Amino acid sequence: MIATAPKTNYVSTTNACKLCTPLGATLAFKGVAGGVPFLHGSQGCATYMRRYIISHFREPMDIASSALGEKNAIYGGGPNLKKGLINVMRKYAPEVIGVATTCLTETIGDDVHMILHEFRQEFGDLPLPAVVQVSTPSFSGTHMDGFHGAVLSLAEQLCVDQVEPTGRVNVMSGFVSAEDLRHMREIGRAFDLELTLLPDYSDTLDGPTYDEYQPIAAGGTTLEEIRSMSGARASLEFGTSLVGRKTAGASLEKRFGVVNHQLPMPIGLRATDALMETLSELTGQPIPEAIAAERGRLLDALVDGHKYIAGQRAVVYGDEDMVLGMTSLLAEIGIRPVLVATGAGGGGFAEAVHETCAGLLPEMPEVMEKVDFHDIAARAGELKPDLLVGNSKGYRYARDWNADLLRVGFPIHDRFGGQRLLHLGYRGALGLFDSLVNLAIERKQNTSDIGYGYI
Amino acid sequence: MKNELLEERKGQIHTVGESPFDMACNRESLAGAVSQRACVFCGSRVVLYPIADALHLVHGPIGCAVYTWDIRGALSSGPELHRLSFSTDLQERDVIFGGETKLEAALVELIERHQPKAAFVYSTCIVGLIGDDLEAVCRKVEERFGIPVMPVQSEGFKGSKREGYLAACKAMNRLVGTADTTGISPLSVNIFGDFNLAGEIWIIRKYLERMGVEVVANVTGDGRVADVQRAHGAALNLVQCSGATLDLAKMMEEEHGVPHVRVSYLGIEDMADSLYKVAEFFKDIDPDIERRTSELVREELEALMPKLAGLRKDLEGKRAAIYVGGAFKAFSLIKAFRHLGMKVVLVGSQTGTREDYRELATITDPGTVIIDDANPLELSKYIKEKDVDVFVGGVKERPIAFKLGVGFCDHNHERKIALEGFIGMYNFALEIHASAMSPVWNFMPRRRGRAEGTVDSGARGPEGKGCPPCAATAGGAS
Ligand code: SF4
Ligand code: SF4
């Protein structure tokens, strides 16, 4: 029997634990070299999302918009979309424009596919960038659906021909940090593998300062790389939430026979083990020494630090796969996730949580799907957690309950450096573990009458 | 790629002294131009958000609500209902069959849960399309609970922030005049258009208190429903900011005969002028108020000026750029920079009017670039051409400045430091100093290039020579 918390069905949403669909799509498009995200809708949506993303990454995030006004909302947004594309071409000279729809254009029923077809015919004499489209009505789905949808669109619309085997491995890592993406590349190198990361915003959303303003930041997955994903020796796709869904990896497998390995997001020991084993099988190589050493250090740290955090009770919330990963890590190190919650809900989440915690916990955590912070707080308040694990949005709740908050995932906008937070791999687990232990120690020091300098 | 201006945008950029003033503005944003602007809904949300004991329910899909969750720094001295993000989170089914039932149920649920003093219901793009009758739903709920429930017609696509201000003022005007005004002092004002960011309203209220003036309602910062309901009992409305609440002031003038004056609490002159305006207004009823006011100003300035002088020594001659939401704020900032010995070389806004820009053209030096509804490429182009040291703007402008290795001062609704009042001028100077004087700029590629002579130092030529040779190309995407 799976112990899922009863979900009181509120009509209204208070402090949502999710973001809207096109936001995820713009992030994915930002990870393409020479790419400009474009929202087909009214100006406000694009501006809000820019602001939101900037507060986490602290990088320019230009999102173009077809800036629909009242007339367009009535007569259709086609002309504005075309005009907008032309203007983006003139100003940014992009190689790829990623067009995502918004609630508005989905509701008025703009046929973006048709409009783009017309656009290509009308302006066929110009050197047109590749235009990729994804349908992202926010009234069905969350930002994660938008993210995965855009990744699928990139793979389906740009990778259309079978190419010669490249020996590369496609990695669809899901919505992780810029540092996570860099670390994935490093892991690939340790196995002598060239990876095609889709998307790769490690540079475009965490780059250097410039002499000249870069309309499009350097970095990202190149068109060439995307086009040759069909020749890869395999694909890796992170995220238990993707199982059974139509994804980029599934599409490449179906169309080009590139074997797709779906793995849980490699956060924590066991999930990272699974990744390393897969890579090892794929390459026929043993796990590289450097990585084995990292695993060794992680285990050593877990032993050194286990007592400080033993028995703490945690509430974990956020995007499904990030939550699953963090829950997994907590269960492994002896912190008890007592409530695990996400604003998304595709089914199967509770089972995945329980599977992840199997054999590690005396009691399974309660699981909530499709909830907002009001729902989470209603239950978590009773469970009296010591610790919250999730994005910045839990800050006020943590404060109210006098609990610690470990910030992970997105958005982190009340701390510095969220884009450089490493979650993945043994090294990510080690960093997160250090932070958790230090949070516990700091609390002890701060609440102790005498204070102590040695631990 | 050359960072050329889009042809359609040229009318919205003016260089002072280069040609007779002519400026296009108040236009719809250009498709594909990556405007820094938001939407009607945003404008309404901005104005009404600070009413802290009202329920603010966003009727629409989740994004509109979630992106406006507690992003503003409007502080409350009491209830904090405004800091929660409420939404009907419309789903596909609601979009097809209409969202009225859900809206009503959501309102009932939230009112029962939070017992607010009033409720505002914001309409978003989608709601405008599916045609939900907000008015009817609000009326029904209002009758059931006996609290005011006001629809805010703020469908995003119907214009820019400006139209949102009007929608908000209309909604708020329904509240004004619905409560008893007995006991209000003849020396009384309402504070409009100040958002109590970092507690700024509390600074202003203290000044007014010292002058013997009662504040009836501070509508847009630390606001309360009951105060707004009796706001018509005040003798005068103080309206800050270029547009947000001017409409409400006009409505109150027409309907209740309450006059208004426009004020600004930013910078030394504007702060002092504003207080003098109030004193002037009340001097017939209280002849001593002018004396009290000048005493206040003198005391404040005596404390402030020596501190400013210390900072000015370092800042003298540095160049500033300003990009703000409303143009009114820009006027005050230009003067504030003069006190620091700095020169404003670029100034723009999202929603300025023709008159605003004409005024800017009059008070700035030749060569200053004035810009309406700018985008990142234009801003970066001029930051570089004008060789700016410090940029004043909001969150979306910050990375533009930082990427180019230019100092930055957050002067938007997220700020955590009070920049208003005399103390605010000092805080502002400290902020500017902290950023402009940081040693980090020495390591930035652009500055290094300038030191080595490989980068054109642009406008840093002889004073008053107008626009420099526009050698800058902010391209690079190839
Ligand atoms: S309208 Fe839709 S796409 Fe736009 S911000 Fe709202 S939820 Fe997001
Ligand atoms: S433009 Fe419309 S949909 Fe987008 S944020 Fe504004 S109100 Fe919401």
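Per an unreviewed UniProt entry, chain B is named Nitrogenase iron-molybdenum cofactor biosynthesis protein NifE, and its organism is Desulfovibrio ferrophilus. The record held by UniProt for chain B lists under Function (unreviewed entry) the comment "This protein may play a role in the biosynthesis of the prosthetic group of nitrogenase (FeMo cofactor)." The Sequence similarities (unreviewed entry) comment attached to chain B in UniProt states, word for word, "Belongs to the NifD/NifK/NifE/NifN family."

The name recorded for chain A in an unreviewed UniProt entry is Nitrogenase, from Desulfovibrio ferrophilus. Of the comments in the UniProt record for chain A, the one headed Sequence similarities (unreviewed entry) reads "Belongs to the NifD/NifK/NifE/NifN family."

1. Focus on the interface of chain B and chain A
For an interface, size is often stated in terms of accessible area lost upon the parts coming together. Counting residues at the interface gives 76 residues for chain B and 65 residues for chain A. Of the roughly 6,300 Å² buried between chain B and chain A on both sides combined, carbon and sulfur atoms contribute 60%. Among the residues of chain B in contact with chain A, Tyr67, Trp69 and Lys403 of chain B are the three that bury the most area, contributing 14% of the side total. Linking chain B with chain A are 6 salt bridges, by the criterion used here. Lys158 of chain B is paired through a salt bridge with Glu70 of chain A; the nearest N and O atoms lie 3.9 Å apart. Here chain B is connected to chain A by 17 residue pairs in polar contact (both at pLDDT 80 or more). Per element, the largest residue contribution to the side of chain B that touches chain A is 6 residues, and it comes from helix α4 (residues 100-114) of chain B. Pairing geometry for strand β1 (residues 13-14) of chain A and strand β3 (residues 86-87) of chain B, over 2 bridges, is antiparallel. By the bridge assignment for β3 of chain B, Thr13 of chain A is matched with Ser87 of chain B.

2. Structural notes on the domain arrangement of chain B
Residue and element names in this part refer to chain B. The domains assigned to chain B are domain 1 (40-171), domain 2 (188-301) and domain 3 (306-445). Using C-alpha coordinates to define each centre, domain 1 is positioned 34 Å away from domain 3. Taken together, the contacts link 6 residues of domain 1 with 6 residues of domain 3. Applying the counting rule to domain 1 against domain 3 returns 0 salt bridges. Remark: the boundary between domain 1 and domain 3 carries 0 residue pairs in polar contact (both at pLDDT 80 or more).

3. With respect to the pairing of strand β10 (residues 313-318) of chain A
Every other side chain in a regular strand lies on the same face of the sheet, so the side chains alternate between the two faces. Residue and element names in this part refer to chain A. With 5 of its 6 residues buried, β10 lies for the most part within the structure. Note: β10 against strand β11 (residues 336-342), 6 bridges, orientation parallel. Of the residues in β11, the one forming a bridge with Arg313 is Arg336. Between the parallel pair β10 and β11, the chain is carried across by helix α13 (residues 320-333), and the sense of this crossover is right-handed.

4. Looking at the pattern of salt bridges
Residues and elements named next belong to chain B. For the coordinates displayed, the defined rule picks out 47 salt bridges over all chains. Close ionic contact of Arg83 with Glu80 constitutes a salt bridge, the shortest N to O distance being 3.3 Å. One salt bridge in this structure joins Lys283 and Glu280, with 3.0 Å as the shortest N-O distance. On the accessibility criterion, Lys283 (29% relative accessible area) is partly exposed. Judged by relative accessible area, which is 45%, Glu280 ranks as partly exposed.

What counts as what
Residues numbered from 1 in each chain as written. Chains lettered and ligands numbered in written order. Predicted model: local features only at pLDDT ≥ 70, side-chain atom pairs only at ≥ 80, totals over all residues. Heavy atoms only, no water. UniProt positions renumbered as here; feature names shortened; annotations may be inferred. Contact = heavy atoms within 4.5 Å. Buried area = accessible area lost by both parts, 1.4 Å probe. Salt bridge = Lys/Arg side-chain N within 4 Å of Asp/Glu carboxyl O. Polar contact = N/O pair within 3.5 Å; in protein donor to acceptor, adjacent residues only side chain to side chain. Helix = DSSP H or I, 4+ residues; strand = E, 2+ residues; numbered from the N terminus. Pairing = 2+ DSSP bridges. Domains from an automatic or database assignment. Buried < 20%, exposed > 50% of the residue type's maximum accessible area, 1.4 Å probe, protein only. Right-handed = clockwise from strand over helix to strand, strands pointing away.

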